Structure formats: C-alpha cells, structure tokens
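Commentary on secondary and tertiary structure
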Amino acid sequence: MTRADLAADVQIDDGATVGYEYTPDAEPAVVGRDSQIRDGTTVYCDVELGSGFVTGHDALVREHTTVGDDVVLGTKAVLDGHVTVGSDVSIQTGVYVPPGSTVGDRVFLGPNAVLTNDAYPLRVETDLEGAVLGDDVSVGANATILPGVTIGEGSFVAAGAVVTEDVPPQRLAVGVPAEIRPLPDELTGGNVLA
Amino acid sequence: MTRADLAADVQIDDGATVGYEYTPDAEPAVVGRDSQIRDGTTVYCDVELGSGFVTGHDALVREHTTVGDDVVLGTKAVLDGHVTVGSDVSIQTGVYVPPGSTVGDRVFLGPNAVLTNDAYPLRVETDLEGAVLGDDVSVGANATILPGVTIGEGSFVAAGAVVTEDVPPQRLAVGVPAEIRPLPDELTGGNVLA
Amino acid sequence: MTRADLAADVQIDDGATVGYEYTPDAEPAVVGRDSQIRDGTTVYCDVELGSGFVTGHDALVREHTTVGDDVVLGTKAVLDGHVTVGSDVSIQTGVYVPPGSTVGDRVFLGPNAVLTNDAYPLRVETDLEGAVLGDDVSVGANATILPGVTIGEGSFVAAGAVVTEDVPPQRLAVGVPAEIRPLPDELTGGNVLA
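What comes next is a walk through the structure. Since the structure is predicted, the reported quantities are computational estimates derived from the model, not experimental observations. Each chain has its residues counted from 1, running along the sequence as written. The naming scheme follows written order: chains are lettered A onward, ligands numbered 1 onward. Totals for whole chains, interfaces and linings use all residues, but because this is a predicted model, local features are given only for residues with pLDDT of at least 70 and pairs of side-chain atoms are given and counted only at 80 or more. With hydrogens and water set aside, each side-chain value is computed from the structure's full complement of heavy atoms.

Focus on the interface of chain B and chain C
It is common to give the size of an interface as the accessible area that goes away when the parts come together. The line we're drawing: The contact definition used throughout considers only heavy atoms, calling two residues in contact when any of these lie within 4.5 Å. Two parts placed together each lose some accessible area under a 1.4 Å probe, and adding up what both lose gives the buried area. Salt bridges are defined as contacts in which a side-chain nitrogen from Lys or Arg sits within 4 Å of a carboxyl oxygen from Asp or Glu. Two N or O atoms form a polar contact when they lie within 3.5 Å of each other; inside protein one atom must be a possible hydrogen donor and the other a possible acceptor, and for residues adjacent in sequence the pair counts only when both atoms belong to side chains. Each helix corresponds to a stretch of at least 4 residues labelled H or I by DSSP, and each strand to a stretch of at least 2 residues labelled E; elements are numbered beginning at the N terminus. Each residue receives one of three labels: charged for Asp, Glu, Lys and Arg, nonpolar for Ala, Val, Leu, Ile, Met, Phe, Trp, Tyr, Cys and Pro, and polar for the others, Gly being one of them.
Contacts between the two partners involve 27 residues from chain B and, on the opposite side, 34 residues from chain C. Buried surface at the junction of chain B and chain C, summed over both partners, amounts to about 2100 Å²; 58% is from carbon and sulfur atoms. Joining chain B to chain C, the criterion identifies zero salt bridges. On the surface where chain B and chain C come into contact, there are seven residue pairs in polar contact (both at pLDDT 80 or more). Broken down by secondary-structure element, the contributors of at least two residues to the side of chain B that touches chain C are β3 (17-20) and β6 (42-44) of chain B. Of the residues in the side of chain B that touches chain C, the class split is 15 nonpolar, eight polar and four charged.

Here we look at the relation of the copies chain C and chain A
We apply this condition: Residues below a pLDDT of 70 in either copy are left out; the C-alpha atoms of the rest, at least 70 in both, set the least-squares superposition of the copies.
Each copy of the sequence occupies a distinct position, and chain C is placed on chain A by a rotation of 120 degrees and an axial shift of 0.0 Å, giving an RMSD of 0.0 Å. Such a combination of turn and shift is consistent with a three-fold rotation axis. Comparing contact sets, just 19% of the residues at the interface of chain C also lie at the interface in chain A, consistent with a heterologous contact between different surfaces.

Some remarks on the relation of the copies chain B and chain C
Once chain B is rotated about the relating axis by 120 degrees and shifted along it by 0.0 Å, it coincides with chain C to within an RMSD of 0.0 Å. In this assembly the copies use different faces: only 19% of the residues contributing to the interface of chain B also contribute to that of chain C.

Looking at the pattern of salt bridges
Applicable threshold: Using a 1.4 Å probe on the protein chains alone, a residue whose accessible area is under 20% of its type maximum counts as buried, one over 50% counts as exposed, and one in between counts as partly exposed.
By the definition in use, this model includes 24 salt bridges over all chains. One salt bridge connects B:Asp58 with B:Lys76, and the closest N-O pair in it is separated by 2.9 Å. In this pair, B:Asp58 is assigned in the loop between β8 (54-55) and β9 (60-61) and B:Lys76 in the loop between β11 (72-73) and β12 (78-79), connecting sequence segments 18 residues apart. Take B:Asp58 and B:Lys76: they sit in the same class, and that class is buried. Ionic contacts of the salt-bridge type, sharing partners, join the residues A:Asp9, A:Arg33 and A:Asp34 into one network.

Describing the packing of aromatic side chains
Residues and elements named next belong to chain B. Applied cut-off: For this analysis, a ring pair means two rings from Phe, Tyr or Trp (six-membered ring only for Trp) whose centres lie within 6.5 Å, classed as stacked if their planes differ by under 30 degrees, edge-to-face if by over 60, and tilted for the remaining angles.
In this structure the tally under the stated criterion is six aromatic pairs over all chains. Between the aromatic rings of Tyr20 and Tyr44, the centroid separation amounts to 4.6 Å while the plane-to-plane angle is 40 degrees, which identifies the pairing as tilted. Pair noted here: Tyr20 is in strand β3 and Tyr44 is in strand β6, with a separation of 24 residues, a long-range link. For Tyr20, a relative accessible area of 9% gives the class buried. The class of Tyr44 is buried, set by a relative accessible area of 1%.

Without other data, these values stay purely geometric and don't point to any function.
Right, here's the structure in full:
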C-alpha cells in the first residue's frame, strides 16, 4: 500500500513507488509541484519533498526525511531515513546518506560518495552521529565522510578522499586520510546548480 | 518463474522476487522464519537463507549462496553467488560480495564496501579467489578487500582502506594500501549486532 | 511506454524495461542478437547495443549510448547517457560511467569503479569532459578516474586508486592520488574476455 499527497504537475513513472507504507500509522509522503519520480524509485511515507524534486532510477528515500526545493536525487542514490537536505542540491548516482545526516543548500555529492554515522560499527556502543555538510559544499566521487564530521561552507572534498575530521569553511580536503588545504583561488565562492 | 520454500512468518513485498529461476533444474530458494524481503530485492534459486533475514530494497542474492540467521542485507547490496555468510551479520547499502567469498559471524560491512576475487582481471589466467572475513570483523565504508585476502577475527578495516595482504586477528587496517596496526584498546573484543 | 528493435534470440525478463521513452521523438532502442536483459534493468530509447549484450539486475543504459558486441553490464552498473563502449568489455556491479565517456575494446571495470566528467562540480563553469579508456585497460574495484583523463592501451588501474592525470600505455596506476609505475612483467600484453 502507498499513500501520498502530490502537488500539481508531479510525474511518477508506473514502476516508481511513492508513499511506501512501512508502518500502518505513517503519514503520507508529500511531493512538491513540478517533480518527477522515475521507474524503480521508492519514497517512503513520513517524507516531505519540496518542489522540483527529480530522481533517476532505483533511488530510495526512507522515512522522516525532509528535502528542500529543486533537488536532484540520482539513480540508486539512497537517503536512508532521518535525513535533512536543503535546496538546489545535486546528489549523484549511488550516493549513500545515512540517518542523522544534514546536507545544506547548493551541495553537490559525486557518484558513489558515502556519508557515515557509526564510528565503531558493532563494536563500541556510541550514539549514531551523522555528518553535517554546510551550504555550497562539493564532495567528489567515491569520497567518504566519517561520522559526526562537519564540512564547512564552500569547502571541497576531492574525489576518493576519506575525511576523518572537521573541515573549516572554504577549504580543500584531499587524500586518505584527508589533508586540509587552502582552497585554490579558482574554487572560492559558492555553488550554482545549473 | 519463481520457486521458493518459505518458513513461517516470512513477509515478501509484492515487488520482490524470491526464487528467481536462473536455470530450469535449480532448487527452490529456502527462506527461514521471521524474514522480510523488501520491494525490488531478488533472491535466486539455489539459495538458503536462515531465520530473521531482513533486506532493504533492490538487494540481490545469487545462486549457491548460504546465509545464517539474523542477517541484514542492505539496500542494493549484492551477494553475487557462491558466497557463504554466517549469522548476526550486517551488510550495509551498496556492498558487493563476489563469488568465492566467505563471511564469518557478527561481521559488519559498511556502505559501498567491496570484496573482490580476481587479482588480474582479463589479463592473467588465475583461479578466482574470494576474501575470507573471520568472525567479528568490521569493514568500513568504501573499503576494498583484494582477492584471497584473509581478515582475522575481530579486526577492523578503516573506511576507504584498500587491504592488499592478510590481516592477523585483532588488528586495524588503515590507508591505501592498508597499513596494519595494533587495534586501539577501545576496539578490542567482539562485535554485537544490536 | 517502450519502443525497441530486437534482433533474434534476445531474452528480456518480465521486470526489465527496454526502450524507455524518455522523450516522445526518441528512436527505439536497438538490441543485437543473443542478448539477455535481466529483471530490473532499464535501457533507454536512442541506445544501440551490439550482439551478445548481457546484463545483471537493475543496470541502466541511458540515451545516446552505443555499445559493441559481447559486453557484460553488471548488476546496478550505470551507463549514464552519451557513452561509447567497445566490444568484449566487462563492466562489473555498481560501476558508474558518466556522459562523455569513451571505453575501448576488451576493457574491464571492477565493482563500484567510477568515471567522472566534472572537475569542479557546481563551482566553476567548465565543459564536461569524460574519461577515455583505451583498449585492454583494466580498472580495479572502487577506483576513481578524474574528468578528461586518458588511460592508455593495456594499462592497469589498481583497486581504490584515484587517477588524476593521463596514464600512458602499458603502465600501472596505483594509490591516492595514483602514481604511475611500469607494468609488472606478468601484466604486459592485452586482455582476454573469458
């Protein structure tokens, strides 16, 4: 069963599921106007999506997730529940965002980038702690952000980097583990979603 | 066509496939009690799953795979056939486990972690050789385990590490290529699946 | 709606979509003989696939993509449109190939490997520039190829490597960022798809 409140001009492919009823008392999924949900994508109940939300195929948005306006969620990307995403955000193919993550406005997450929320999985009992990505952050392909890490506004995470500590605003994080460097002149400033 | 032997209290979403008949003479998939298979997930014939098997969406379990009890197989995770998995194992979103892999009890595999089985793909003719993960092993997000590598009991593989050689028990493997270090005091001991 | 021109002996699972009509005036998808498209896989219109094209589950081939003969496209692998792939190519589970990429003959792409096409996503306006992989290239699991990089014929990219500059023919690229080394003797020569 599915339940959803759809605004005007929402296009949902036949093979997509919007309002997956994971529990009987869940609230309907809310989808803003001018949105497009492609085949194979699943959006749970208890999700609020802004206007202009566009997905690829086989993406997943689980419960208690809130997304702003004009967000692209790529093919096979996963917002795994209890996630907050801003507006004008581009989340590319295969990205994983775990519960407790916060993503600002005008953020880019490259293909197969992974955010995490558990520092010592199965070993030490800790509170799960999602990463926090400030506005205008760009994260490269296959990069990994460790639990509880904050990436400051306008910073860049290079492809394949493993970010183990907080990154101040307007910095470049590169390598494994990531070194924090000044941002090259040509990369200062904010992001613009084309 | 699908064929499956389901124990009591197995819940299968309408859009899931259990017992994908990849060849006409395959044996039905066996699913233990109290299991839950979510939309988009495919389980092949010639698979035996223990009790309490729970999947996310779009996961895949191919033929000649055996899984113990109380295993979680995350969204888009793949057990690509001829795989053995123990009990109380947590396999997160996007993990890839190739043919010939062996995974012990109480193992954690983080998001987009990859095990491999072919050292020189397409180039040198070698026997495919899967990795062996001992009991209580935790593998971080986006980590890669090379073919034939054994990870000893209780060892930790850090996020983004590329493990190119065997890791003894109770060690930490970190970096590219992974260095093997003593396990920090707070990480000694075994895993507990919450 | 779907539209496709299928050669002889093409087997398409019920849950696969061949000829996804992303725009009304698109040309039908063309699929060569002896091909097999498994459940959950989507092939767009304006795609030409050679003979012997075999997919796993939930793979995606978007528009304006051309693929040669005897290509394997693994489970959840994505050819994201405007991609050219040669013959006798093996693309493993979870691989991402962005628009503008060119992949030669007898190429291997390991699980979760990522090609990219945008050096400064959302930040600096540049032309998207895909990677070019020459014939007989092998790319390891979880490796990342940066935009516009050319990998020369017969070169090997190690698992987890991040390739930031061109790689000449018959070299080994290893590490983050990748160092370019001579190819070990046992790896010289071309690839053979088993």
